[in-house]
Amino acid sequence: MTQIASFANLSKLVFNDSKVAKSLKLNRTKATAIVVNVIGATQHDFLVDLMKSHRFSLIIDESTDISTIKSLVMVVRTYLYKNEELIVHDFNYHVIELVEADATTIYNAIVLKFQEDNIPYKNNMIGFGSDGANVMLGGVHSVSALFSKEIQNLFVMKCICHSMALCASYACKTLPYEVEWLCREIFNHFSNSPQRTLKFAELQSLMDLKPLKMLHPAATRWLSLEEVVKRVNERLEALKLYFNYHDLKLDAKQLEKVVKINAALNNPITTLTLAFLEYMLPKLNRLNLLFQSEDSKIYVLHDEELTLLADITKNFIKPEKFQSGNGFSIPLVPTSYCSLNQLYLGIKVEEVMDQLRSKNKLTKETEEKFRMVVLNYYVAVTQQIRSRINLDNAVLKNLSIINPQHIKSNDYISIYPLLKNFPNIASENLQEIDNEYRELTSMVQLPQDCGLSFWNKILKTKRGNDQYAFPFLRKVIPELMCLPHSSAAAERVFSSYNLNKTKTRNRLCTSTMIGILSSKDFIKLNKTDDGYDFEKAKHKFTNDMYKIAH
């Protein structure tokens, strides 16, 4: 709250001729009260009313903050219409302090909060999303299993981003250990030595290169290493030159490590693997980034997963086998694989191979060994994707029915195969809903937009009598858009949480943090051309706002 208090003092200096500014008092107590009990409380009341009248999905995640307080973040994905515009938004609903993080404790804490706010969650909660932890999504006793017992046809989604990270992590075990080790040790060599960093920058300048620093590989392994690998490849020749000349000031242990780094940099298999990863990692990261989006993407999930799997499998499966089935059904047996010489490796790998051959540094045995590494990687990542992502899920398949691309292509004749999976959304008026969907797919001119922009134009369409052309879809589509595809929304809350609760502000209590998070939602949703509309919060700006402020 220090920033708000500083703003009050700044206003007195800037507007020194204003009586209002001179009398402005906004220190810690008042600032906290306004954020928690005025703006934050107004937003919470607004969200509770939405949850009582609208379907919603719950997205949760658990973490421990800088004060070693174990917290559960509850994010609610729901929708509203603002000036006829459909908005699907992830709202910060609540943060619960936990003593234990077992399934029963988490479930009871969530239900208790719903009951306190009189939320009819058994009727209105249609989706549940979390990471793949057993306590959250285990089949026998987990938070999702406990909710599924109470809520029939609950849509449960394991975070696709976590799944893809695990796929990449396990597949990378087939790669030479030296590759990951090299990326980390190059960074470590420069990170604690300004002198080494300066020498490397000078070397890059002498080579007519823009001086770039080496990047830090995160602990989440290969999906986070895309930029690290790219940077190493960009400065590979400079790194070889640098580590080829040993610093005489290094002690024996440091010198031994430098020699090992130099050997790895000049190892053809390491060089080729780095080039291969620069081709492969963006493919996996692209799907990750797509579903970290705040926009609703659930209807493209199945198509994107199949596209990724097909894109990978065609790199190592015989063409005749690939044509007889998709990447999901082809048996992963040696008879399905193409020869090592037919593997697709990526353009950069081919370029590196040509360079190595021109210098007589790539033997036939080395090339064959590298190609076997690539084949093992392809097989491993395909197996991981198949095992961790249920591509045979009927609900995910049928969600493609509301994908604007399929509607434009007239790929489906009915929305019923999707709606029958969600009787809690559309138990009545099924024929009317289907009539509207069929009329939509028969339209000669459809919006060229994608995603929510497409649906906004459709749902705002009116007939000559000024009535909405698709009144039933206007209710059903937003509810389907609220289904979760990842737990990224909850992780974004923790990121915001940690940006506010820092080492210097570690006394911020949970209630204050809830107020800050809710206030951020309020500001997002009440932005106007002239600034922000705080009219909705004015009624709470009374002396009572101090009573429960912390």
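For the structure, check the block above.
Throughout what follows, the structure given in this document is the object of discussion. (Residues numbered from 1 in each chain as written. Predicted model: local features only at pLDDT ≥ 70, side-chain atom pairs only at ≥ 80, totals over all residues. Heavy atoms only, no water.)

A few words on the overall build of the chain. Counting its regular elements, the chain contains 26 helices and 7 strands. The principal-axis extents of the C-alpha atoms in the chain amount to approximately 80 × 65 × 50 Å. Out of the 550 residues in the chain, the part that is buried amounts to 51%. Residue pairs at least 24 apart in sequence account for 70% of intrachain contacts in the chain once pairs closer than 6 positions are excluded. Here the chain displays about 27300 Å² of accessible surface, and carbon together with sulfur accounts for 52% of that area. Of the charged side chains in the chain, 67 are positive and 59 negative; the average position of the first set lies 4 Å away from that of the second. (Helix = DSSP H or I, 4+ residues; strand = E, 2+ residues; numbered from the N terminus. Buried < 20%, exposed > 50% of the residue type's maximum accessible area, 1.4 Å probe, protein only. Contact = heavy atoms within 4.5 Å. Areas by Shrake-Rupley, 256 points an atom, 1.4 Å probe, with all protein chains shown as cover. Lys, Arg positive; Asp, Glu negative; His and termini not counted. Charge placed at Lys NZ, Arg CZ, Asp CG, Glu CD.)

Let's shift gears to the pairing of strand S1 (residues 56–64). With 4 bridges joining them, S1 and strand S4 (residues 125–130) adopt parallel strand pairing. Following the sheet pairing, Ser57 is matched in S4 by Gly127. Relative to strand S2 (residues 70–82), S1 runs antiparallel, the two sharing 8 bridges. Across the sheet, Thr64 pairs through a bridge with Lys70, a residue of S2. (Pairing = 2+ DSSP bridges.)

With that out of the way, let us pick up the sheet that holds S2. Each strand in a sheet pairs with another by means of backbone hydrogen bonds, the pair being arranged parallel or else antiparallel. Judged by pairing direction, the sheet is mixed, and its 5 strands sit side by side in the order S3-S2-S1-S4-S5 without closing on themselves. This sheet does not close on itself; its edge strands, each paired only once, are strand S3 (85–97) and strand S5 (155–158). On average, each strand axis in the sheet is tilted by 20° relative to the strand beside it, whichever way the strands run. Where helix H7 (residues 143–150) meets the sheet, its contacts fall on S1, S4 and S5, and the angle it forms with S4 comes to roughly 170°. (Axes fitted to C-alpha atoms, helices over the stretch in contact; angles between N-to-C directions.)

For the rest of this paragraph, the subject is unusual backbone geometry. Positive phi, normally seen in glycine, also occurs at Asn360, with a value near 60°. Checked against the element boundaries, Asn360 lands in the loop between helix H17 (347–358) and helix H18 (364–388). The exposed category is assigned to Asn360, whose relative accessible area is 72%. Its identity is not glycine, yet Asn410 carries a phi of approximately 55°, on the positive side. As for its placement among the helices and strands, Asn410 is situated in the loop between helix H20 (404–408) and helix H21 (416–419).

Here we come to the packing of aromatic side chains. Inspection of the entire model under this criterion finds 21 aromatic pairs. Relative to Tyr279, the ring of Phe276 lies with its centre 6.3 Å away and its plane at 50°, an arrangement referred to as tilted. Taken together, the residues Phe276 and Tyr279, both in helix H14 (residues 268–291) and 3 residues apart, mark about one turn of the helix. Each member of the pair Phe276 and Tyr279 is classed as buried. Plain terms: the ring middles of Phe276 and Tyr377 are 5.5 Å apart, the flat faces sit at 90° to each other, and that makes the pair edge-to-face. Within this pair, whereas Phe276 is found in helix H14, its partner Tyr377 is found in helix H18, the two being separated by 101 residues in sequence. For Phe276, a relative accessible area of 1% translates into the label buried. The exposure class assigned to Tyr377 is buried, which follows from its relative accessible area of 1%. Chaining the aromatic ring pairs together yields one cluster made of Phe56, Tyr93, Tyr107, Phe114, Tyr121, Phe128 and Phe147. For the cation-ring pair, Lys536 lies above Phe46, with the distance from its terminal atom to the ring centre recorded as 5.5 Å. (Phe/Tyr/Trp six-rings, centres within 6.5 Å; stacked < 30°, edge-to-face > 60°. Lys NZ or Arg CZ within 6 Å of the ring centre and 35° of its normal.)

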